[in-house]
Amino acid sequence: MSADSIRWLGGRREVSLALACLGAVGVFRAFSPYFLTAANLTTILQNSVELLLISLGISFILATAGIDIAVGGVLGISAIFIGWSLEAGWPLPATLLVGPLVGTCLGMVSGFMVVVGKVPPIIATLGLFGIYRAAIFLLLGGSWISGLPNTLASLVNGAVWGVPVVAVYVVVFYFVGWLILRWFPLGTAVLAVGGNERAAQLAGVAVGRSKFFVYTMTGFLVGFAALLYVARYRNVETSTGQTIALDAIVAAVLGGSSVLGGRANLIGTILGVVLVRLLQNGFVLAGVPSLWEQVITGSLLLLVLILDAALERSARFKSA
Amino acid sequence: MIAALKRMRLAGLVALWILVLAFFAVRSPAFLSLANFSSILQFSTVLALVTFGQTLVILGGGGGIDLSVGGIVSLSGLSIAFSIKEGLDPFLASLGGIAFGGLLGFINGLLVTKFRLLPLVATLGTFYAYNGLSVALTDGAPIAGLPPFFGTLGQGSVAGIPLHTVFIVLPTFLILEFVLWQVPAGRWIYAIGGNERACRLVGLPVDLIRLGIYVHSGLMAALAGLVADSWLLSARPNIGENLELLSLTAALLGGTSIFGGSGGLAGSLVAVFFFTSFQTGLQMLNVNAIWQLGFVGLFLIFSVVLDTFIRRGEST
C-alpha cells in the first residue's frame, strides 16, 4: 500500500472502521453460522447501547486530553440507587430521575477533582474508582440486588414508529453531542483545551469550565446508561461495570479520538463501539472462552494506539 | 511554611504512621505484639517491591506510570509455579520467572519509548492484557501444591523478622538508594524527570534510561510474585489485584511528585509500612477489607492535591 493510500485511510477513519467491521463479520461468519443471523446481530446492537452512551462521554473527555477510568464505578453506584428506588416502589418519573442524577453528581466529583484539585485525570479517576468499588461493596452489603420489578422494561423494549427506542436514545444523544462539538462555543472550547491547554487559556477559553463540563456530561450519560442496564438485567452485582471503562476507551480511540486530546469523531466512536462488541461477540461464538475478552480488548487498544502513532508520524513526514 | 511542609513531608508521614500504630494499639492490645509486628512485615514485602518499581517509573517523568504491575506480579508468579510443577529446578524457575517479569516490563518500556505511547494508556492496555492473561491461562484457578522447601523464603523468619524482609526488601532498598544517589544512571533518572528536554540536548540516553526503568518495574513485580508464591506455596491468578492503585498511592503519598523528578524511595517505604499497619489493624478490628480500598483511593487523591499545593507554593 502506498503512503498516500495509508494517509487517505487514516484520514477517513469511518471508512476504515466500517471495513474493519465488515471484515470481522466475514471472518466470524466462517467460524460460526450463528454469527450472521438477525437474532445475533440484534443482540450485539442491544449490548452496545450502554457502551455507546458511555463512549460518547469518554470521547469528550479524551478530546480535552483527559481520561476517566471510574465510569464503571459510577455505573455501579447509579444502578444501586436505581435498584433501591425500584424496591422502594417510587413512582416511575422519580426512578427515571435517580440514575442520571446520581451519575451527574459523581461526574461533578471527578470534574471537581480535576479542575479545582488540579489532580491529573488518571490519578483522580483511579482514586475515585477505588473509592467507588469500596462503596459498591458497602452499599450492596455483599449481596446482589436481584429480582427487581419489571417497571423499566418499556425503557429498553419499546419502539417509536417502529424504531427501537434504544436506538432513539443513541441518535438523540449523539446528535446533541455533535451539535455541541460542531456548532457551540463550548465544543470549540473542549477541543481547544485538548489541543493546547495553555494557548486556549491565553486566548480566553474557560478551560476549567470546559473540563468540568465533560466530566459532568459523562456522569450524566453513565447514569442514564445505568438506567438501561437495570431495565435490561433487573439486578445489580458487585462486578457491575468493572470493565466498561476499557471498552469505552478502546471504542473512542478506535473511533479516532486521540488520548493526547484535541480530536473527537463521534461517528467513529459509534463504529468503534460496534467493532468492539462485534469482536467480543464473535470470539465467544468462535469458541474462545470469554475469559480472554480482557486480553483481546487490551491488546486491541495497544494495537490501535501503535497504528495511530505510526500513521501520524508518516503523515507528518509526508507534509514536512 | 510551604518549604517547611516539603521538608516535613517524610517526618509527617512517619508521624502519621505512628499515629495509626497508636490508634490500633489502643483499640486492640495485641496490635503491638511481636507477632503482629512480624505479620506487618510479612504483608509489606509484595507491596514494597512493587512500589520501588513504581516510584522509579514516576520519578523518570514524561507522564511515567505503570498500571500493569499487578498483572506482572500475577503472571510471573504463575510462570514460576508452573515451571516448578513441570519439574524445573525451583531456583532456575525463580530466575526464569523474574526474567519473564523483566520481559513484560520491557514490553511496557518499548510501548512508551519506541512506539511513543502515553505511559498511562500503554500500561492501561497491558494492565488488561496481563491481568486477563493470568486469569484466562489458568481459568481463574490457582496453581497449588508447591514443594514445602520452596516456602523457606516466603515463610521463614529470624527473630520474628521474615527472611524476605532481610534478604530481599532491605538489600533491594539499599542498592536502589545507592544507585539513585551515587551512580550516574540513578541521578539521570531524576534529571530526565526534572527536565527531559535539557537532558536530550546534553545527550543523555533518555529513552534507554526510561526503558530501563520499566524493565526494572517488571523485575520488581516479578520478585514480588516470587515472594508471594513462596509464602502461599501456590500462585493465584489474581494475587496482583489492586496493586497498581496501592503502589501508586504509596509512591505518591511517600512524596514522589506525579510529574517526576523529585521524591525518593525512603518515603515510599514508609508509606508501604503505613498501609500495611493500617491493613493489619483493620483486620484485627474485624473491619471489612474493602474499606481499605476506599481509604487508599482517598489517600491517592489527597497526596496529589497536597503535592500540587506544595508546588504552587514553591513557584510563587
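The rules we used
Note on numbering: residues in each chain are counted from 1, in written sequence order. Lettering of chains starts at A and numbering of ligands starts at 1, both following the order in which they are written. Since the coordinates come from a predicted model, pLDDT governs what is reported: local features require at least 70, and pairs of side-chain atoms require 80 or more to be given and counted, while whole-chain, interface and lining totals use all residues. Working definition: helices are DSSP H or I runs of at least four residues, strands are E runs of at least two. Numbering for both runs from the N terminus. Between the two quantities, the radius of gyration covers C-alpha atoms and the globule rule is 2.2 Å times the number of residues to the power 0.38. Residue burial here comes from a neighbour count, namely the number of other C-beta atoms, placed from the backbone, that lie within 10 Å of the residue's own C-beta, with 20 or more meaning buried, 12 or fewer meaning exposed, and in between meaning partly exposed. Residues are treated as contacting if the C-beta atoms built from their backbones sit within 7 Å of each other. Along the chain, pLDDT gives the predictor's confidence residue by residue, from 0 to 100. For this scheme, ten residues count as nonpolar: Ala, Val, Leu, Ile, Met, Phe, Trp, Tyr, Cys and Pro. Four count as charged, namely Asp, Glu, Lys and Arg, and the remainder, Gly too, count as polar.

**Quick notes on the overall build of chain A**
Right, on to step 1. Within chain A, the secondary structure is distributed over 14 helices and 2 strands.
Right, on to step 2. The C-alpha atoms of chain A give 20 Å as radius of gyration, which agrees with the globular expectation for 320 residues (20 Å, within 12%).
Right, on to step 3. Seen along its three principal axes, the alpha-carbon backbone of chain A occupies a region of about 65 × 55 × 40 Å.
Right, on to step 4. Buried positions account for 49% of the 320 residues belonging to chain A.
Right, on to step 5. Here the contacts in chain A between residues at least 6 apart in sequence split such that 80% fall between residues at least 24 apart.

**Thoughts on the confidence of the model for chain B**
Residues and elements named next belong to chain B.
Right, on to step 1. Here chain B shows a mean pLDDT of 91. Residues at 70 or above account for 97%.
Right, on to step 2. Within chain B, the lowest mean pLDDT, 63, falls on helix H1 (residues 2–7), and the highest, 97, falls on helix H5 (residues 90–113).
Right, on to step 3. Here the complex is predicted with pTM 0.91, and the ipTM for its interfaces comes to 0.88.

**Quick notes on the interface of chain A and chain B**
Right, on to step 1. Listed per partner, the contact involves 35 residues of chain A and 35 residues of chain B.
Right, on to step 2. When contributions to the side of chain A that touches chain B are tallied by element, the ones reaching two or more residues are helix H6 (121–140) and helix H14 (293–319) of chain A.
Right, on to step 3. In terms of residue count, the dominant contributor to the side of chain A that touches chain B is H6(A) (13 residues).
Right, on to step 4. Among the residues making up the side of chain A that touches chain B, the classes are represented as 26 nonpolar, 7 polar and 2 charged.

**So, the environment of Tyr34(A)**
Residue and element names in this part refer to chain A.
Right, on to step 1. Considering the arrangement of structural elements, one finds Tyr-34 in the loop between helix H2 (13–31) and helix H3 (38–63).
Right, on to step 2. Taking the C-beta count within 10 Å as the criterion, Tyr-34 has 11 such neighbours and is therefore assigned exposed.
Right, on to step 3. In the structure, Tyr-34 is positioned 251 residues away from Leu-285 in sequence and 7.9 Å away in space, judged by C-alpha atoms.
Right, on to step 4. Ignoring any residue separated from it by four or fewer positions in sequence, one finds Tyr-34 in contact with Asn-40 and Leu-285.

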